[in-house]
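Tertiary structure, described
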Amino acid sequence: MSSYSEPLVQSTTTPGEGAADMRPAHPARPASKGRRRTAATAGVPAHRKRSLWERIKRDRVMLLLIAPGFLYFVVFHWLPLPGNIIAFEDYQPYLGFIDSAWVGFDNFVKIFGDPTFWQALRNTLVITGLQLVLFFPIPIVLALLLNSIMSNRIRKFVQSVVYLPHFLGWVIIVSIFGQVLGATGVVPHLMQAMGLQPFEAMTTPWFFPFLVSIQSAWKDAGWGTIIFLAALMNIDQELYEAAAVDGAGPWQRMKTITIPGIMPVIILLLILNLGSILSVGFEQIVLQRDNVGAGAGEVLDTWVYYHGIQNGQWGPAAAVGLVKGVVGLALVLGANKVAHLFGQEGVYSRGK
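Residues numbered from 1 in each chain as written. Predicted model: local features only at pLDDT ≥ 70, side-chain atom pairs only at ≥ 80, totals over all residues. Heavy atoms only, no water.

**Side note on the overall build of the chain**
- The number of helices and strands found in the chain is 19 helices and two strands.
- A separation of at least 24 residues holds for 64% of the contacts in the chain among residues at least 6 apart in sequence.
- On the chain, roughly 23,600 Å² of surface is accessible, and the fraction owed to carbon and sulfur atoms is 67%. (Helix = DSSP H or I, 4+ residues; strand = E, 2+ residues; numbered from the N terminus. Contact = heavy atoms within 4.5 Å. Areas by Shrake-Rupley, 256 points an atom, 1.4 Å probe, with all protein chains shown as cover.)

**Focus on the packing of helix α7 (residues 115–135) against helix α8 (residues 137–148)**
- The N-to-C vectors of α7 and α8 enclose an angle of 15°; their axes lie 6 Å apart at closest approach. The angle between α7 and α8 places the two elements in the roughly parallel class. Residues Leu132, Val133, Leu134 and Phe135 of α7 pack against Pro137, Ile138 and Pro139 of α8.
- A class-by-class count of the residues in the contact of α7 with α8 yields seven nonpolar, no polar and no charged. (Axes fitted to C-alpha atoms, helices over the stretch in contact; angles between N-to-C directions. Parallel < 35°, antiparallel > 145°, perpendicular 65-115°, else oblique. Nonpolar A, V, L, I, M, F, W, Y, C, P; charged D, E, K, R; others polar.)

**Some points on the side chain of glutamate 298**
- Here glutamate 298 is to be found in the loop between α17 (294–297) and α18 (300–310).
- We classify glutamate 298 as buried; its relative accessible area is 6%.
- A polar atom in the side chain of glutamate 298 sits 3.0 Å from the side chain of arginine 289.
- In this structure the side chain of glutamate 298 is engaged in a polar contact, spanning 2.5 Å, whose partner is the side chain of threonine 302. (Buried < 20%, exposed > 50% of the residue type's maximum accessible area, 1.4 Å probe, protein only. Polar contact = N/O pair within 3.5 Å; in protein donor to acceptor, adjacent residues only side chain to side chain.)

**Quick notes on the packing of aromatic side chains**
- Inspection of every chain in the model, using the stated rule, returns 19 aromatic pairs.
- Aromatic pair phenylalanine 88 and phenylalanine 108: ring centres 5.4 Å apart, planes at 45°, arrangement tilted. You can see phenylalanine 88 sitting in the loop between α4 (60–78) and β1 (89–90) and its partner phenylalanine 108 sitting in helix α6 (residues 106–112), a full 20 residues away along the chain.
- Its relative accessible area of 11% is what places phenylalanine 108 among the buried residues.
- Three or more aromatic residues joined by ring pairs make a cluster, and in this case those are Phe88, Trp102, Phe105 and Phe108.
- A cation over an aromatic ring shows up here: lysine 219 above the ring of tryptophan 170, its NZ or CZ 5.4 Å from the ring centre.
- Directly above the aromatic system of tyrosine 306 lies the positively charged group of arginine 289, at a separation of 4.1 Å from the ring centroid. (Phe/Tyr/Trp six-rings, centres within 6.5 Å; stacked < 30°, edge-to-face > 60°. Lys NZ or Arg CZ within 6 Å of the ring centre and 35° of its normal.)

**What about α4?**
- Relative to the 27 Å expected for 19 residues at 1.5 Å per residue, α4 spans just 23 Å between its end C-alpha atoms, considerably shorter than the ideal helical length.
- Taking the largest bend as the criterion, α4 deviates by roughly 45°, centred on alanine 67, and proline proline 68 comes between one and four positions later. (Expected span 1.5 Å × (residues − 1). Bend = angle between axes of the 7 residues up to and from the residue.)

**A word on the side chain of serine 213**
- For serine 213, the location among the structural elements is in helix α12 (residues 208–233).
- A polar atom in the side chain of serine 213 sits 2.9 Å from the backbone oxygen of proline 209.
- Residue contacts for serine 213: discarding those within four places in its chain leaves Ile127, Leu130 and Gln131.

**Structural notes on the packing of α12 against helix α14 (residues 250–275)**
- For the pair α12 and α14, interaxial distance at closest approach is 9 Å and the crossing angle is 140°. Between α12 and α14, the crossing angle belongs to the class labelled oblique. Of the two elements, α12 crosses α14, and the hand of that crossing is right-handed. The segment α12 lies against α14, with Ile227, Phe228, Ala231 and Leu232 engaging Thr258, Ile262, Val265, Ile266 and Leu269.
- Its residues placed into classes, the contact of α12 with α14 shows eight nonpolar, one polar and no charged. (Left-handed = near helix turned anticlockwise from the far one by under 90°.)

**Notes on the pattern of salt bridges**
- For the coordinates displayed, the defined rule picks out five salt bridges.
- Arginine 58 serves as the salt-bridge partner of aspartate 59, at 3.1 Å between the closest nitrogen and oxygen.
- The closest approach of N and O atoms between arginine 289 and aspartate 290, which form a salt bridge, is 3.5 Å.
- The exposed category is assigned to aspartate 290, whose relative accessible area is 62%.
- Here the residues in one salt-bridge network are Arg289, Asp290 and Glu298, joined through shared partners. (Salt bridge = Lys/Arg side-chain N within 4 Å of Asp/Glu carboxyl O.)

**Re the confidence of the model for the chain**
- When the pLDDT values of the chain are averaged, the result is 81; 85% of them are 70 or greater.
- Overall, residues 1–27 carries pLDDT values under 50, and its contacts beyond four positions in sequence, including any with other chains, amount to zero contacts.
- pLDDT under 50 marks residues 38–42. Its contacts with residues more than four places away, or in other chains, come to zero contacts. (pLDDT = per-residue confidence, 0-100.)

**A look at a nonpolar patch on the surface**
- A cluster of nonpolar residues, Leu52, Trp53, Ile56, Val61, Met62, Leu63, Leu65 and Ile66, forms a patch on the protein surface that exposes about 860 Å² of accessible area.
- In terms of residues, the nonpolar patch owes the most to one element, α4, which gives five residues.
- Inspection of the secondary structure assignment puts methionine 62 in helix α4. (Patch = residues over 30% accessible without salt bridge, like charges linked within 9 Å, V, L, I, M, F, W, Y side chains within 5 Å.)

**Observations concerning the environment of serine 276**
- Take serine 276: it is sitting in the loop between α14 and α15 (282–286).
- Assessed through its relative accessible area of 35%, serine 276 is described here as partly exposed.
- Sequence spacing of serine 276 and valine 332 is 56 residues, and the spatial spacing of their C-alpha atoms is 9.0 Å.

Structure, rendered in structure tokens:
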């Protein structure tokens, strides 16, 4: 009989505790969708380029969101591009693109020799120039003022008031201005009651560009502040705190932090507005053109309508549209190049 025996070790566990120790620290849970995707792609090399279908599947939600806007541009901007061939034809709707007679640049010669075209071009440039000078800075100023309001309640109220006109149609806006500034409007009656000579703003030819600019500013200035308010929110607030600690006043902070912070957005919108410098709101102009006559109220958009659609001059009308597109593209590219020279990003960056 062996005298060797195992040393006696006293157990300090309670009954059932050993079984509990064998259980995992956390109960097993089914892997989430994100975890399963991570586990499935864990073995994929990081340097492997995703296929087109994989990227489409990954970004399917964002692609669905941009699909309506993409289809709009495809249907209304890209598909009609072959129709510019009308500018080089004596186009007849019943003959179509193929059977209409080819005239080359005769349509361009015709519009450049038409005095009414040059008059419409002059009116268009005057109106767009006034809108760039008078209307374009207004959303910037409104955004700066709204951003400086401390009370959120007052800020939201002011935003709602200045945004509201954007959702009104031009028919309603022109009617409102007619009731206020027309011959029988409120302002002429007040001027007459004060013994002053009433000023008919709605029917004065030389005032028409200013009237159109005021209407555009009243309608869309509040809506345009959305972009600049978003740009102001992207400015780092620590820059303002550091400038205040250094003793910079409100005007110095605006000059050195705020304006440079939103300058890329200002340059971008300015370049895009230059691209549409030969386009003025058709509906706004055509509703008021007869009040001041064609000499002051005719612009390129209304010229195309009256000469191209009503008079059946499809070729010259298409030639005007093509000229507008070429000039707009040249202005965008030229302004973008100037922005690069001044160190701004512009519409697209250099070398990309």
